[in-house]
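Single-letter residue listing:
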Amino acid sequence: MQTQAGDDLIERIRVHSADDAVVGPAANDLLSELFEGYPVENLGRLLHSGDDGAVRTGTWLLSELGDLAAPMMSDVPDLLAHPLRHVRYYAIEVVLVNGDVQHGPTIAQVMNMSGDPDSAVRWKVLEFLASATADQLVAGGAFLGAGQVRDLTEWLIRYEIEEPDPRDIVARLEGHDPVTRLFAAAAAARLSDEDTSLLEHAATVADEEIRSFAEQWLRDPR
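None of the values given here were measured: they were computed from a predicted structure.

Attention shifts here to the overall build of the protein chain. Within the protein chain, the secondary structure is distributed over 14 helices and 0 strands. Ordering the α and β elements of the protein chain from the N terminus gives α-α-α-α-α-α-α-α-α-α-α-α-α-α. Taken against the 2.2 N^0.38 rule, which gives 17 Å for 222 residues, the C-alpha radius of gyration of the protein chain at 19 Å falls within 12% of a compact globule. Taken over the C-alpha atoms alone, the protein chain extends approximately 60 × 35 × 30 Å along its principal axes. Evaluated residue by residue, the protein chain yields a buried proportion of 48% over its 222 residues. A fraction of 66% describes how many contacts in the protein chain between residues 6 or more apart in sequence connect residues 24 or more apart. Carbon together with sulfur atoms contributes 48% to the accessible area of the protein chain, which is approximately 10,600 Å² in total. For the protein chain, the distance from the average site of its 17 positive side-chain charges to the average site of its 39 negative ones is 5 Å.

Structure representation (structure tokens):
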């Protein structure tokens, strides 16, 4: 019966993908089914439907499932490259929760999205960099090509083992390059468990994205 209910909900979402009044309740019911054992692999019917609305809902479901979404990690690279910002945003959360050493290329893909044209996606990348484990950073860094993002990732990783240089982080927070500022804000957030002063400084910079992220992280660290 559970399989039938889940199948029916997926079909309802697929057919009515543009109708929020139908999709919202159906997606919530499907999420409950998934937590109760409905196979997560069946979300492939939404993710591979070719319908943007269905893909968005399927990716949101993955982002809500925590580590139950792990079997779908092979689908995530395509989601990270999707034209809809909502899909890219939710897919980053899936990588944060489920990405490990075997997913280095996918983690690197998230890191390279630090220059995404959408501010909400950049915010989610910043949250990823601030929250990722050291092992995740190392796994992703190994698959970055030579260039700015690789250099900044290696800089961020160094602070996992070396004493931070507050002046360097402040200089990067106040610099002209937006990607550098994003990585500097991630460093400030990662260090805030022991000292919030750098994050407090980030909350005063001119870059509104960095400032608002720092303010939120100070209120509610992930």
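Moving on to the packing of helix α11 (residues 166–173) against helix α12 (residues 178–191). Between α11 and α12, whose axes approach to 8 Å, the crossing angle comes to 140°. Considered as vectors, α11 and α12 are oriented oblique to each other. Crossing of α11 against α12: the hand is left-handed. Here I169, R172 and L173 of α11 lie close against α12, whose contacting residues are T180, R181, A184, A185, A187 and L191. Classifying every residue of the contact of α11 with α12 gives 6 nonpolar, 1 polar and 2 charged.

All right, on to the nonpolar core then. Formed by 72 residues in total, the largest nonpolar core has its most connected members in L30, L43, L62, F128, L129 and F183. The leading source of residues in this core is α12, at 9 residues. Apart from the residues lying within four places of it in its own chain, the contact partners of L43 are I10, L30, L34, G58, L61, L62, L65 and M72.

Turning our eyes to something else, we now look at helix α10 (residues 148–158). Those residues of α10 that sit buried are V149, L152, T153, W155 and L156. One side of α10 holds all its buried residues, which, seen down the axis, span an arc of 160°. Elements that come into contact with the buried residues of α10 comprise α7 (104–112), α8 (119–131), α9 (134–141), α11 and α12.

About the criteria used
- Residues numbered from 1 in each chain as written.
- Predicted model: local features only at pLDDT ≥ 70, side-chain atom pairs only at ≥ 80, totals over all residues.
- Heavy atoms only, no water.
- Helix = DSSP H or I, 4+ residues; strand = E, 2+ residues; numbered from the N terminus.
- Rg over C-alpha atoms; globule rule 2.2 N^0.38 Å.
- Buried < 20%, exposed > 50% of the residue type's maximum accessible area, 1.4 Å probe, protein only.
- Contact = heavy atoms within 4.5 Å.
- Areas by Shrake-Rupley, 256 points an atom, 1.4 Å probe, with all protein chains shown as cover.
- Lys, Arg positive; Asp, Glu negative; His and termini not counted.
- Charge placed at Lys NZ, Arg CZ, Asp CG, Glu CD.
- Axes fitted to C-alpha atoms, helices over the stretch in contact; angles between N-to-C directions.
- Parallel < 35°, antiparallel > 145°, perpendicular 65-115°, else oblique.
- Left-handed = near helix turned anticlockwise from the far one by under 90°.
- Nonpolar A, V, L, I, M, F, W, Y, C, P; charged D, E, K, R; others polar.
- Core = buried A, V, L, I, M, F, W, Y, C linked by side-chain atoms within 4.5 Å.
- Arc of directions from axis to C-beta.

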